[in-house]
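What the coordinates show
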Amino acid sequence: MQYENKPSKFSWGCLGDIDEGRKNLGPDMPVLMYRLFQYTLKDILTREYDEETAGSLYRAAGYLAGTELAKNVLDLSGDFDFFIANLTNKLKELKIGVLRIEKADLNSLSYTFTVSEDLDCSGLPVSGETICDYDEGFLAGILKTYSGHSFTVKEIDCWSTGDRTCRFTATSK
Ligand SMILES: [Zn+2]
């Protein structure tokens, strides 16, 4: 990923002590507000740069998020089946989406995943174009942290292309 050789100031601690800071409001907030943040930031990045650059910045941020989530939240100690089961449970628990693995070729390291009720896009207007570039990076970061291999993750179906689920292919680079 393009920013891996530049120093990062991000650490899991940057997210703070949410229990301490939100004693009454708690750790959750509506998906509407998450999307408001995501899509206004993307709009500004698109205006500052262009659509392609905004997409690749989202992919890079998703990659960092996936890497940090894998390190801090996932159990990476088991075999591939255990890893996928743990990942599926966590993505559901964190309300990111409902993950399913459709195809897995463990020899060539190529996979097809679907994510239903995806946090970023489920329910969006149909534009004919896939929109989950953040998720592409997110999955690539998770897979790299677990396996040590670099993956290209591409969204091939999305709510915004008229499909009811997001579908991602992941291939080892
Ligand atoms: Zn999508």
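Residues numbered from 1 in each chain as written. Predicted model: local features only at pLDDT ≥ 70, side-chain atom pairs only at ≥ 80, totals over all residues. Heavy atoms only, no water.

**Considerations on the coordination of the zinc ion**
- The protein atoms that coordinate the zinc ion are Cys-121 (SG), Cys-132 (SG), Glu-155 (OE), Cys-158 (SG) and Cys-166 (SG), at distances of 2.2 to 2.6 Å.
- Counting along the primary sequence, the residues that act as donors to the zinc ion give the motif C-x10-C-x22-E-x2-C-x7-C. With Cys-121 in the loop between strand E2 (110-116) and helix H5 (133-147) and Cys-132 in the loop between E2 and H5, this residue pair connects regions lying eleven residues apart in the sequence. Taken as a pair, Cys-121 and Cys-132 share a single burial class, namely buried. (Donors = N, O, S within 2.8 Å, 3.2 Å for Na, K, Ca; no water. Helix = DSSP H or I, 4+ residues; strand = E, 2+ residues; numbered from the N terminus. Buried < 20%, exposed > 50% of the residue type's maximum accessible area, 1.4 Å probe, protein only.)

**A short note on the sheet that holds strand E4 (residues 166-172)**
- On the basis of which strands lie adjacent, the open sheet formed by four strands has the order E1-E2-E4-E3 and antiparallel pairing. Every other strand in the sheet has two partners, leaving strand E1 (98-105) and strand E3 (151-157) as the edge strands with one partner each. Neighbouring strand axes in the sheet, compared pairwise and without regard to direction, differ in orientation by 20° on average.
- Bridging between E1 and E2 involves seven bridges; their strand directions are antiparallel. Within E2, the residue paired with Ile-101 across the bridge is Phe-113.
- Together, E1 and E2 form the strand contacts of helix H4 (residues 80-93), whose direction differs from that of E1 by roughly 155°.
- In the packing of H5 onto the sheet, the strands contacted are E2, E3 and E4, and the crossing angle to E3 comes to about 145°. (Pairing = 2+ DSSP bridges. Axes fitted to C-alpha atoms, helices over the stretch in contact; angles between N-to-C directions. Contact = heavy atoms within 4.5 Å.)

**Observations regarding the packing of aromatic side chains**
- Counted by the stated rule, this structure contains six aromatic pairs.
- Aromatic pair Phe-80 and Tyr-111: ring centres 4.9 Å apart, planes at 15°, arrangement stacked. Of this pair, Phe-80 sits in helix H4 while Tyr-111 is found in strand E2, placing the two residues 31 residues apart along the sequence. With respect to class, Phe-80 is no different from Tyr-111; both count as buried.
- The interplanar angle of 35° and the centroid separation of 6.0 Å between the aromatic rings of Tyr-111 and Phe-113 together place this pair among those described as tilted.
- Taken together, the aromatic side chains of Phe-80, Phe-83, Tyr-111, Phe-113, Tyr-146 and Phe-151 make up a single cluster linked through ring pairs. (Phe/Tyr/Trp six-rings, centres within 6.5 Å; stacked < 30°, edge-to-face > 60°.)

**Some thoughts on the packing of helix H3 (residues 51-72) against H5**
- At a minimum axis separation of 6 Å, H3 and H5 run at an interaxial angle of 35°. Once H3 is placed against H5, the crossing between them reads as right-handed. Counted together, Gly-55, Tyr-58, Arg-59, Ala-61, Gly-62, Tyr-63, Ala-65, Gly-66, Thr-67, Leu-69, Ala-70 and Lys-71 of H3 and Asp-133, Tyr-134, Glu-136, Gly-137, Phe-138, Ala-140, Gly-141, Ile-142, Lys-144 and Thr-145 of H5 form the full contact between these two elements.
- Partitioned by chemical class, the residues of the contact of H3 with H5 number ten nonpolar, seven polar and five charged. (Left-handed = near helix turned anticlockwise from the far one by under 90°. Nonpolar A, V, L, I, M, F, W, Y, C, P; charged D, E, K, R; others polar.)

**Re the environment of Leu-57**
- Summarising the element assignment, Leu-57 is placed in helix H3.
- Classification of Leu-57 as partly exposed rests on a relative accessible area of 23%.
- When the C-alpha positions of Leu-57 and Ser-108 are compared, they lie 28 Å apart, and in sequence the two are 51 residues distant.
- Apart from the residues lying within four places of it in its own chain, the contact partners of Leu-57 are Tyr-3, Leu-45 and Tyr-49.

**Some remarks on the pattern of salt bridges**
- The full count for this structure, using the stated rule, is nine salt bridges.
- For Lys-23, the salt bridge is made with Glu-20, and the minimal N-O distance between the two is 3.0 Å.
- Across the pair Arg-167 and Asp-157 runs a salt bridge, and its minimum N-O distance is 2.7 Å. Here Asp-157 lies in strand E3 and Arg-167 lies in strand E4, a separation of ten residues in the sequence.
- Asp-157 sits in the buried class, given a relative accessible area of 19%.
- A cluster of three or more residues bridged by salt bridges with shared partners is formed by Arg-59, Glu-136 and Lys-154. (Salt bridge = Lys/Arg side-chain N within 4 Å of Asp/Glu carboxyl O.)

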